[in-house]
Amino acid sequence: MGNRATGALRSRFPTGAIALAIACRLACALRGAEPDEAAASITADDLMRHIRTLASDDFEGRAPGTKGEQLTVGYLTGEFQRMGLKPGNPDSTYVQAVPLVGTTATDVNVSYRAGEKRTDLTFPGETVVWTKRFVPDINVADSELVFVGYGVVAPEYGWDDFKNVDVRGKTIVFLINDPPVPDARDPLKLDDKVFKGPAMTYYGRWTYKYEIAAKQGATAAIIVHETGPAGYPWAVVEGSNSRENFDLQSADRNMGRVAVEGWITLDKARQLFAAAGRDFDKLKQSAVRRDFKPVPLGVKASFRFRNISREVASQNVIAKLEGSDPKVKNEFVIYTAHWDHLGRNTSLAGDQIFNGARDNASGVATLLELAEAFGKLKPAPRRTLLFLSVTAEEKGLLGAKHYAAHPLYPLNHTLADFNMDSANPWGRTRDVNIIGFGQSTLEDLLREVATARGRTLTPDAEPEKGRYYRSDHFEFAKVGVPALYLQPGVQFIGKPAGFGRQKIDADTANDYHKVTDEIKPDWELSGMAEDARLLFEVGLKVANGEDYPKWKAGSEFKARREEMLKRAGEK
Ligand SMILES: [Zn+2]
């Protein structure tokens, strides 16, 4: 009989619940300091040691399918073995195969024609294009350009930017993010009831734009890059997408996707719109309205490039700590942190290695320290803990997406995912930042453990960047599993107000997805260790607790989870 049924019984017999709670409290008291001792094994020095190894030049920026992958997978496996954790894959290995396909656009020619005048765009300085189709070349000639605003089809908001306009065979041009609809009562604010106000919804993400473009039958989909609404500068597009692009291997060889996916800089987009006799900013304004209709620009775009594709056998790494309670050991709590980063770019002068010290050697270091701490608990937590380091996050959350599609353990018995991506290297903070604030009851459990440590939770300071949709926990959320994603706090202890914001902004501007994401002389990891201890305590609460964590009312993932648990209950 599944745990769900016992959960239901308990809630029907409250006296039983109280007895259990008392029993747990006694048992927990008897176990005494052990969780604290285990948590104390998470140290700044150990975190630094892991980061030093993973972010070293030897690891070559940890790109999937390279020597960097072999070294990383080897290091993680070795560490898990040393800690005495079991192989996480039921096939008795520490890895899950993730078959990827890498495609690289070369000899790229992109141009547009307004009347007789042809304008070439340079790659990757002015435009970045690629195809996810497994074809040897792309040749799109004189495809009509149509501006589709934000390109959103969201029935729940009564929103459809396409209005049945036929864009088949055309090149559609998108704005990034979701429509910033002003509040009718206060035009200086955004309407909270549409696309969550200033927060970015999935409709704002670039991955959504290419998905909807394919659904609408477009040939090419180009997004106008704007640093604010995208959440990152052009250099990130250039660094992440202008070289090899990856996808999971699919049966139709990705022919269902648009032929050309890509971005154009804001400057070049403005010029293009001007060449079409249009004002970009005016059209952008018109796109925040429900009655927006696609605007044919009367300009034709051409894309010609060779596409080198190769199959890449990549791997998720997974270790397991078996639960100690026979009744619930077949229930799971997952911690995730992606091991991959951007590899190396041999066309760069000077430093060519994307070391990814923060992104995400710091998250993997945290994962390892958590695994070690949990491994020290005697007895082990009641439920089974999984430590999953996924591949190809930087290529579109592919390792996590693969796990969610091919879970090694049932997702309806998976209580939670805690994800770590780019931890805090700048010292201790009073707060921790919750990305996707208000999504699930995991946050309430975290608040309990944080309060006990004299710490507080702050909501995502930049919900407009859509971070909840930008790391691996999102793939778990998408399939229904409650997921919690912390980011560094901003209230640094012993530092002037504004220090945290300044550090985070400087990191985004100077180091994020650049070769300079390296260990810095001023790094001090006591805050990272404290954040890891919070994650340890909250995970332990879930692993030993009575209830399944839940999505809160208003979460876009709630219905999915309830349906999934109901189906499991009916079995
Ligand atoms: Zn990254």
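As the structure is a computational prediction, the values presented were derived from the model and not from experiment. (Residues numbered from 1 in each chain as written. Predicted model: local features only at pLDDT ≥ 70, side-chain atom pairs only at ≥ 80, totals over all residues. Heavy atoms only, no water.)

1. Looking at the coordination of the zinc ion
In step 1: Only D359 (OD), E394 (OE), E394 (OE) and H513 (NE2) from the protein reach the zinc ion as donors, at distances of 1.9 to 2.4 Å.
In step 2: Coordination geometry of the zinc ion: the four donor atoms subtend angles of 57 to 147° at the metal centre, consistent with an arrangement described as irregular.
In step 3: Motif for the zinc ion, donor spacing along one chain: D-x34-E-x118-H. A residue pair is termed long-range when its members are at least 10 positions apart, and D359 in helix α11 (residues 357–376) and H513 in the loop between α15 (499–510) and α16 (526–544) qualify at 154 residues. Across the pair, H513 and D359 agree in class, each one buried. (Donors = N, O, S within 2.8 Å, 3.2 Å for Na, K, Ca; no water. Tetrahedral: all angles 85-135°; square planar, octahedral: opposite > 155°, others 65-115°. Helix = DSSP H or I, 4+ residues; strand = E, 2+ residues; numbered from the N terminus. Buried < 20%, exposed > 50% of the residue type's maximum accessible area, 1.4 Å probe, protein only.)

2. Regarding helix α9 (residues 266–275)
In step 1: For α9, the full list of buried residues reads K268, A269, L272 and F273. Taken around the axis of α9, the buried residues stretch over an arc of 140°, which confines them to a single face. Across from the buried face of α9, at angles greater than 90 degrees, the exposed residues are D267 and A274.
In step 2: Backbone geometry just downstream of α9 places G277 in the positive-phi region, at approximately 75°. (Arc of directions from axis to C-beta.)

3. As for the packing of α11 against α16
In step 1: Their axes nearest at 10 Å, the elements α11 and α16 cross at an angle of 50°. Taken as axis vectors, α11 and α16 run oblique relative to one another. The two elements α11 and α16 cross, and the hand of that crossing is right-handed. In this structure, α11 uses S362, T366, L370, A373 and F374 to contact α16, whose residues at the interface are M528, A532, L535, F536, G539 and L540.
In step 2: By residue class, the composition of the contact of α11 with α16 is eight nonpolar, three polar and no charged. (Axes fitted to C-alpha atoms, helices over the stretch in contact; angles between N-to-C directions. Parallel < 35°, antiparallel > 145°, perpendicular 65-115°, else oblique. Left-handed = near helix turned anticlockwise from the far one by under 90°. Contact = heavy atoms within 4.5 Å. Nonpolar A, V, L, I, M, F, W, Y, C, P; charged D, E, K, R; others polar.)

4. Details of the packing of aromatic side chains
In step 1: A full pass over the atoms with the stated rule returns 28 aromatic pairs.
In step 2: With a centroid separation of 6.5 Å and 90° between ring planes, the pair formed by F59 and Y75 is classed as edge-to-face. Pair noted here: F59 is in the loop between α4 (44–54) and α5 (67–82) and Y75 is in helix α5, with a separation of 16 residues, a long-range link.
In step 3: Residue classification places Y75 among the buried positions, given a relative accessible area of 16%.
In step 4: Measuring from ring centre to ring centre gives 6.1 Å for W206 and Y210, while their planes differ by 75°; the resulting arrangement is edge-to-face. Of this pair, W206 and Y210 are both found in helix α6 (residues 206–215), four residues apart, which corresponds to roughly one turn of the helix. (Phe/Tyr/Trp six-rings, centres within 6.5 Å; stacked < 30°, edge-to-face > 60°.)

5. Section: the confidence of the model for the protein chain
In step 1: When pLDDT is averaged across the protein chain, the result is 91; 94% of the residues are at 70 or more.
In step 2: Every residue in residues 1–22 is under pLDDT 50, and counting partners more than four places away or in other chains gives ten contacts.
In step 3: Contacts of residues 24–33 to residues separated by more than four positions or lying in other chains number three contacts, the stretch itself having pLDDT below 50. (pLDDT = per-residue confidence, 0-100.)

6. Remarks on the packing of α4 against α11
In step 1: It is the contact of α4 with α11, at a shortest axis distance of 8 Å, that shows an interaxial angle of 130°. Classified by the angle their axes make, α4 and α11 are oblique. At the point where α4 passes α11, the crossing takes the right-handed sense. Where α4 approaches α11, its residues D46, L47, H50, I51 and L54 are matched on the opposing element by A357, A361, S362, V364, A365, T366, L368, E369 and E372.
In step 2: Per-class residue counts for the contact of α4 with α11 are eight nonpolar, three polar and three charged.

7. A few points about α16
In step 1: With 19 residues, α16 should reach 27 Å at 1.5 Å per residue; the first-to-last C-alpha distance of 27 Å fits that figure.
In step 2: Of all 19 residues in α16, 17 are buried; the element is thus mostly enclosed. (Expected span 1.5 Å × (residues − 1).)

8. As for the nonpolar core
In step 1: In this structure, F147, I172, F174, V260, W263, L297 and F303 are the most contacted members of the largest nonpolar core, which totals 78 residues.
In step 2: Considering each element in turn, this core owes the most residues, six residues, to strand β12 (residues 295–321).
In step 3: When near neighbours in sequence (up to four residues on either side) are disregarded, I172 contacts V146, V148, F162, V167, A213, A218, A220, A221 and I222.
In step 4: A39, A423, L525 and V542 belong to the second-largest nonpolar core, a separate cluster that totals 69 residues. (Core = buried A, V, L, I, M, F, W, Y, C linked by side-chain atoms within 4.5 Å.)

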